[in-house]
Number of protein chains: 2
Amino acid sequence: MNKKNATIYDISKKLNISVATVSRALNDHPRISVATKELVAKTAKEMNYKQNNLAKALKSGETKNVGIIVPYVNTNFFSSVIRGIEEELSPFGYHVIICQSHEEVNIERGHLNTLMNAQVDGVFMSVSRTTVDTEHIRSILDTSNTPIIFFDRKKDIPGISTVTIDDYRGGYIATEHLIREGCKNICHFSGDLNLEIYRNRLNGYKQALADHGFQVKEENIIPTGSSIEAGVEAIKKLWDRKSIPDAIFSASDFAALGACQELKKKKIRIPQEVAVIGFSNEPFTQFMELPISSVDQTPVMMGKMAGQVFLENIKENSSGISIEKKVVLTPQLHIRKSSKRK
Amino acid sequence: MNKKNATIYDISKKLNISVATVSRALNDHPRISVATKELVAKTAKEMNYKQNNLAKALKSGETKNVGIIVPYVNTNFFSSVIRGIEEELSPFGYHVIICQSHEEVNIERGHLNTLMNAQVDGVFMSVSRTTVDTEHIRSILDTSNTPIIFFDRKKDIPGISTVTIDDYRGGYIATEHLIREGCKNICHFSGDLNLEIYRNRLNGYKQALADHGFQVKEENIIPTGSSIEAGVEAIKKLWDRKSIPDAIFSASDFAALGACQELKKKKIRIPQEVAVIGFSNEPFTQFMELPISSVDQTPVMMGKMAGQVFLENIKENSSGISIEKKVVLTPQLHIRKSSKRK
DNA sequence: TTGTAAGCGTTATCAT
DNA sequence: ATGATAACGCTTACAA
């Protein structure tokens, strides 16, 4: 037995009035008598009428859906950004459609296309690691006026608004904090310097040192991956060189964790002998026996800001203008035991 | 300047053929000549034609969208289930729409309605904590044939398929593991026993004890919340009673972590004096200096299974039948340092 | 092999 | 205050 939804046409037939009247009554149109409005509302409820937003969208050109493309949804960072976007847009009647690129530009391209086919009103994306050529993104801009918003992992494409955090500042405040705690010889675990975000964190580190009268020593900048093992290896390398510093600013929480593990193994006390600070404020940093200081990227806020940028964009679009926005959020320092010397 | 999408009508005009032919050519209809197909495909690309799935959906009654309602997206468990659903359904052309209930039944109801208005082809949900009355869910079942699938947090509603894990078995294997490690006096931190999942874990614990010839002592069952603090408090209580056990099976990883922290503070060695095992396999459990054993709920697999149940459901629906499915997943034991005595 | 036209459920523009 | 009708972009009988 197939259950068919009631339509405004069904209501109009039952009530012997036109569909136009029903539609207007349902939409609280000013020039419809209160009596009919009430009657329509009542019978609509009786017949269990549900508005078909598909038909509405086809007519209006607005689906009230936005797409989000992320590498994976189940990381703290990305799921938190998604949460922020959903919370910002939900009150305005928007729904968010989630796609995972699996760090594959081909999948990313496919998702972008089907999202456009689905007539979404906007697309939020953090590009995949394999996204070098950005033609698939640019072409959307050329052929539609659906706004695209980059968050965190951006590409420089004219006409696309971005929401990121100030990684430079993040590197700066983390390093400055270590200096203020009395550290004199601060190492940096850098992450993949091919990525802009890591280069920015490094530059913040350098500037903070310079501003406080320290020399930047190249041997103190250790290229380190974003894994626990990478952190372990980095410490081993420093140990072998007999150049354990008195502080480490790691561009990754996971590497910071690995460093802590290996330092402990070598009976080096944290933070007394080596102060440690990471980046991202992963949930685990606060649960450790020795909680790790970290720089928070405020991902929920990032999502909310991205949502706001989208809403403004939509408003501008309808009035013809279109301003590219660049929102840069301020990273938040979370000081914990691993770096507190005083 | 507004960019309008090309339609099949535009193509038909340009090529002086009918829209029907264009539509059929684009859909690779068998009775269309190869020549026209190629011609249409070529000009479609030239004109940058994008299919409007809205119109298609309005016609076919299939949006290829499914909705997911969870309390929050940014927890490891829920974001992992979402990942599983997306990965299972994406190859079949489905998109997933995410909604957060914020544990509020009113918001949940609202989302459910707008999802139905959006004509989704199915809804996956984990009910909010405040969902007692389930009328809003039942009414969907009565008035549409859109399948609803519960995962993890289910309600018993005839006609709704569910995907859950076997919490009873989870409690059983965790307890049995502790017994096999030689523990003789095993405490249970129970979680909120108003919730079915926690009652099941407790029952598994009891049965395992019984099966191995141990008596179940009521004083060994400690009602404990799902937070770090709750775990700390539970240990303090046991300490005051002078009844520290030789093992703890906690129904929550967070409470297990709190227990570990407090035990350490009291200089009680883990696992030698007290073995500890938690539940959920939260990411942090493996990152600790003393990694915590835990029972994994296989959330990604749960999502994938839910996706499969949906696909089967859709297939059955179209052929008239409709079988309610109850998938129960097997929890996975992850043995780590905190419970390894041998 | 291709064309004509109806229909999916709305909203909006004319009329009345 | 209400009605008739076209339109949104597509698919699909039914014809030719």
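It should be emphasised that the depicted structure is a prediction, and the values quoted were computed from it without experimental measurement. (Residues numbered from 1 in each chain as written. Chains lettered and ligands numbered in written order. Predicted model: local features only at pLDDT ≥ 70, side-chain atom pairs only at ≥ 80, totals over all residues. Heavy atoms only, no water.)

A.B. asks: What am I meant to see in the sheet that holds strand β7 (residues 221–222) of chain B here?
C.D. replies: Strand pairing in a sheet relies on backbone hydrogen bonds. The paired strands run either parallel or antiparallel. Residues and elements named next belong to chain B. Reading across from one edge, β7-β6-β8-β9-β10-β12 is the order of the 6 strands in this open sheet, with mixed pairing throughout. The open sheet has two free edges, formed respectively by β7 and β12 (332–334), since each of these has just one partner strand. Sheet strands in contact with helix α8 (residues 167–180) are β6 (186–189), β8 (247–250), β9 (275–280), β10 (293–296) and β12, and its direction is about 165 degrees off that of β9. Most of the contacts of helix α11 (residues 253–265) go to β9, to which it runs at about 155 degrees, and overall it touches β6, β8, β9 and β10. (Pairing = 2+ DSSP bridges. Helix = DSSP H or I, 4+ residues; strand = E, 2+ residues; numbered from the N terminus. Contact = heavy atoms within 4.5 Å. Axes fitted to C-alpha atoms, helices over the stretch in contact; angles between N-to-C directions.)

A.B. asks: Would you mind going over the interface of chain B and chain A with me for this structure?
C.D. replies: Interface size is often expressed as the accessible area that is lost when the parts come together. Residue-level contacts link 54 residues of chain B with 54 residues of chain A. Across the chain B/chain A interface, buried area totals approximately 4800 Å², and carbon plus sulfur atoms make up 53% of it. Taken together, the links from chain B to chain A amount to 2 salt bridges. Put simply, glutamate 289 of chain B and lysine 264 of chain A hold a salt bridge, and the shortest N to O gap is 3.0 Å. (Buried area = accessible area lost by both parts, 1.4 Å probe. Salt bridge = Lys/Arg side-chain N within 4 Å of Asp/Glu carboxyl O.)

A.B. asks: Help me understand the relation of the copies chain B and chain A, please; the structure alone is not making it clear to me.
C.D. replies: Here the second copy of the chain follows from the first by a rotation about an axis and a shift along it. Under the fitted operation, chain B is carried onto chain A by 0.0 Å of movement along the axis and a turn of 180 degrees, and the coordinates agree to an RMSD of 0.1 Å. Here the copies are linked by what is in effect a two-fold axis. Taking the C-alpha atom as reference, chain B places isoleucine 97 of chain B closest to the rotation axis, 2.2 Å from it. Of the interface residues in chain B, 100% have counterparts in chain A that sit at the interface too, so the contact is made through matching surfaces. (Least-squares fit on C-alpha atoms with pLDDT ≥ 70 in both.)

A.B. asks: Which parts of the structure should I look at to understand helix α11 (residues 253–265) of chain A?
C.D. replies: Structurally, the α-helix is built with 3.6 residues per turn, so residues lying three or four positions apart point the same way. Residues and elements named next belong to chain A. With 13 residues, α11 extends 18 Å from end C-alpha to end C-alpha; this agrees with the ideal 18 Å at 1.5 Å per step. By the N-cap criterion, in which a side-chain oxygen at the helix start approaches the backbone nitrogen of a residue two or three places on, α11 is capped by serine 252, the distance to phenylalanine 254 being 3.1 Å. Positive phi shows up at lysine 267, right after α11, with a value of about 60 degrees. (Expected span 1.5 Å × (residues − 1). Polar contact = N/O pair within 3.5 Å; in protein donor to acceptor, adjacent residues only side chain to side chain.)

A.B. asks: Any chance you could explain the pattern of salt bridges here in plain terms?
C.D. replies: Working definition: two side chains of opposite charge can pair if their charged atoms are close together. Applying the stated criterion across every chain yields a total of 34 salt bridges over all chains. Note that arginine 129 of chain A and glutamate 103 of chain A form a salt bridge whose closest N and O atoms lie 3.5 Å from each other. Highlighted residues: arginine 129 of chain A in the loop between β3 (122–125) and α7 (135–143) and glutamate 103 of chain A in the loop between β2 (95–100) and α6 (105–117), separated in sequence by 26 residues. Taking the relative accessible area as the measure of exposure, arginine 129 of chain A reaches 58% and is therefore exposed. Notably, a salt bridge pairs glutamate 196 of chain B with lysine 154 of chain B, separated by 3.4 Å at the nearest N-O pair. Linking glutamate 196 of chain B in helix α9 (residues 196–211) with lysine 154 of chain B in the loop between β4 (148–151) and β5 (161–165), this pair joins segments that are 42 residues apart in sequence. (Buried < 20%, exposed > 50% of the residue type's maximum accessible area, 1.4 Å probe, protein only.)

A.B. asks: I tried to follow the UniProt feature "domain: HTH lacI-type" (unreviewed entry) in chain A on my own but got confused; where do I start?
C.D. replies: Cross-referencing UniProt, the feature "domain: HTH lacI-type" (unreviewed entry) maps to residues 6–60 of chain A in the present numbering. Secondary structure content for residues 6–60 of chain A is 67% helix and 0% strand, while the C-alpha to C-alpha distance between its ends is 21 Å. (UniProt positions renumbered as here; feature names shortened; annotations may be inferred.)

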